[in-house]
Amino acid sequence: MFYVLFVFLALLHLDLDTFYVSVERIINTELQSKPLLVGGTSDRGVVAACSYETRGFGVHSGMPMKMAKELCPEAVVIRGNAGTYSKYSDVVTEIIKEHVPLFEKSSIDEFYADLSGMDRFFGCYKYASEMRQKIIKETGLPISFGLSVNKVVSKVATNEAKPNNQLKIDFGLEKPFLAPLSIKKIPMVGDKTYQTLRNLGIRKVKTVQKMPMDIMQRVLGSNGRIIWKRANGMDNTPVIPFHDRKSISTERTFDRDTIDVTKLKGILLAMTENLAYQLRRGDKLTACITVKIRYSDFNTYSKQLRIPYTSADHILIPKILGLFNTLYSKRMLVRLIGIRFSHLVSGNYQINLFEDTEEALNLYQAMDYVRNRFGGRSVIRASAMGAKTIGSMYNPFNGQPPVVLAHRKQ
Ligand SMILES: [Mg+2]
């Protein structure tokens, strides 16, 4: 006699709507229905988030602030505050944690939860609806969700549900749901891929559904395979459990104690680049940095500094070297050096936009793209090249590469 155990897969995707904008509107209710731009307010700043009212004017995130202001002159412009957004994100995270044992925090305002097997007891859709209502009631933040058999279809469903709504795609209806949508709506299809597909005459998901997978693979390589599968509603990536890690660190003990300051600085620089890259991979920012030195007599000293939230090398490196200069005063042989980034909060590139220019943002995205593809040490500053093998390039926040690269230029 056979028993067939059949567990319904239920993957929930939750996404806070125009998160930074919504938080600003809670803080200042007068901004409620006004067009709003959040980002770097300097001349060369970039839009990190924009309200729905501005989108009709052609404004989108990632665009130079100057251009956005020209397109939508009546918009209120606000310089973002990473600390505030992180606090609101934590409150939402806590509510989700109370409701579901297994969830993933994929960015400051985005979550996945595995509700599989819960159906018999609660009804996943009802359960997700109640959780969403609780988040709205307790935080005042609008949030949308999508529910389906996998992460990709749920994410697309969330985007279709927005603003401030929810959508369930029943088992078996994944393909018909995706068919009429623009191919652009498939996660992973960026501007460049979209252009390639458009040039092939592909506009809608249904065209890809009818194509053999081989053709997509021939045109777009391994990404083509993934896009084809996604277009067909197939995805089996698991939910990566969320760990609220508060610090990351690295240190190096020398085989032979050294007094070579140039070498020590080169190693610190490489360590900073490595940890900053890991921060960006994990969608994290640090607000406190520490340098540690152990001398040959085993006396250990450390010095720390509070800084504005960042994950940018060019901000962190001078500060780390500055700490080292004040700390290394003994002119003694050094046995060990290390650095630590702590007071970590969730946040991605967009938050660095409050400080940075478009050029800096593009540079980091390009560098990290190469690192993700060719390995962590494929791009390093020339002065860090003397320092060999500084730790491994895993993502310390979940042990796996991120599902989506830590940028949201769409
Ligand atoms: Mg969002």
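Residues numbered from 1 in each chain as written. Predicted model: local features only at pLDDT ≥ 70, side-chain atom pairs only at ≥ 80, totals over all residues.

(A) A look at the packing of helix α4 (residues 82-99) against helix α5 (residues 124-139). Orientation of α4 relative to α5, taken along the N-to-C sense of each, is 145°, at an axis distance of 10 Å. Here α4 runs over α5; the crossing is right-handed. Contacts between α4 and α5 involve Y88, V91, V92, I95, I96 and H99 on the former and, on the latter, M131, K134, I135, E138 and T139. Residue composition of the contact of α4 with α5, by class: seven nonpolar, two polar and two charged. (Axes fitted to C-alpha atoms, helices over the stretch in contact; angles between N-to-C directions. Helix = DSSP H or I, 4+ residues; strand = E, 2+ residues; numbered from the N terminus. Left-handed = near helix turned anticlockwise from the far one by under 90°. Contact = placed C-beta atoms within 7 Å. Nonpolar A, V, L, I, M, F, W, Y, C, P; charged D, E, K, R; others polar.)

(B) Representation of the sheet that holds strand β5 (residues 103-107). The five strands lie next to each other as β5-β6-β1-β7-β8, forming an open sheet whose pairing is mixed. Every other strand in the sheet has two partners, leaving β5 and β8 (166-168) as the edge strands with one partner each. Each adjacent strand pair in this sheet contributes to an overall mean axis angle of 15°, direction not counted. As defined by bridge partners, strand β1 (residues 11-16) adjoins strand β7 (residues 143-148) across six bridges and the pair is classed as antiparallel. Bridge pairing links D15 to S144 in β7. (Pairing = 2+ DSSP bridges.)

(C) Spotlight on the UniProt feature "active site" (unreviewed entry) in the protein chain. Under the UniProt annotation, "active site" (unreviewed entry) lies at E110. Mapping E110 onto the fold places it in strand β6 (residues 110-114). On the neighbour-count criterion, E110 (22 C-beta atoms within 10 Å) is buried. (UniProt positions renumbered as here; feature names shortened; annotations may be inferred. Buried ≥ 20, exposed ≤ 12 C-beta atoms within 10 Å, placed from the backbone.)

(D) Structural context of the confidence of the model for the protein chain. Across the protein chain, pLDDT averages 85, with 84% of residues at or above 70. In this model residues 388-394 is a low-confidence stretch, pLDDT under 50, and it forms nine contacts with partners more than four residues away in sequence or in other chains. A low-confidence stretch, residues 398-410 stays under pLDDT 50, and its non-local contacts, those more than four residues away or across chains, total 26 contacts. (pLDDT = per-residue confidence, 0-100.)

(E) How the structure looks around the environment of K162. You can see K162 is positioned in the loop between α6 (151-161) and β8. Residues K162 and G146, spaced 16 residues apart in sequence, show a C-alpha to C-alpha distance of 9.6 Å. Setting aside residues up to four positions removed in sequence, K162 forms contacts with D17 and S144.

(F) Layout of the pairing of β1. Most of β1 is tucked away: six of the six residues are buried. Judged from the five bridges that link them, β1 and β6 form a sheet pairing that is antiparallel. The residue bridging L11 from the neighbouring strand is D114, located in β6.

(G) Region of interest: the sheet that holds strand β2 (residues 36-39). The mixed open sheet is built from three strands, whose spatial order is β3-β2-β4. Every other strand in the sheet has two partners, leaving β3 (47-50) and β4 (76-79) as the edge strands with one partner each. When strand polarity is set aside, the average angle formed by the axes of neighbouring strands in this sheet is 25°. In the sheet, β2 pairs with β4 via four bridges, with the strands oriented parallel. The partner of L36 across the bridge, within β4, is V76.

(H) Molecular detail of helix α13 (residues 313-327). Relative to the 21 Å expected for 15 residues at 1.5 Å per residue, α13 spans 21 Å between its end C-alpha atoms, a close match to the ideal helical length. Every buried residue of α13 is listed here: D313, L316, I320, L323 and F324. Down the axis of α13, the sector holding all buried residues measures 100°, keeping them to one side. Exposed side chains of α13 directed beyond 90 degrees from the buried face belong to P318, N325 and T326. Where α13 is buried, its residues contact α12 (261-281), β10 (284-295), β11 (300-310) and β12 (334-342). (Expected span 1.5 Å × (residues − 1). Arc of directions from axis to C-beta.)

(I) Up close: the packing of α12 against α13. The interhelical angle for the contact between α12 and α13, taken along N-to-C directions, is 140°, at an axis separation of 10 Å. Looking at the two axes, α12 sits oblique to α13. Our pair here, α12 against α13, has a crossing hand that is right-handed. Judged by residue contacts, K265, L268, L269, T272, E273 and A276 of α12 engage D313, L316, I317, I320, L321 and F324 from α13. (Parallel < 35°, antiparallel > 145°, perpendicular 65-115°, else oblique.)

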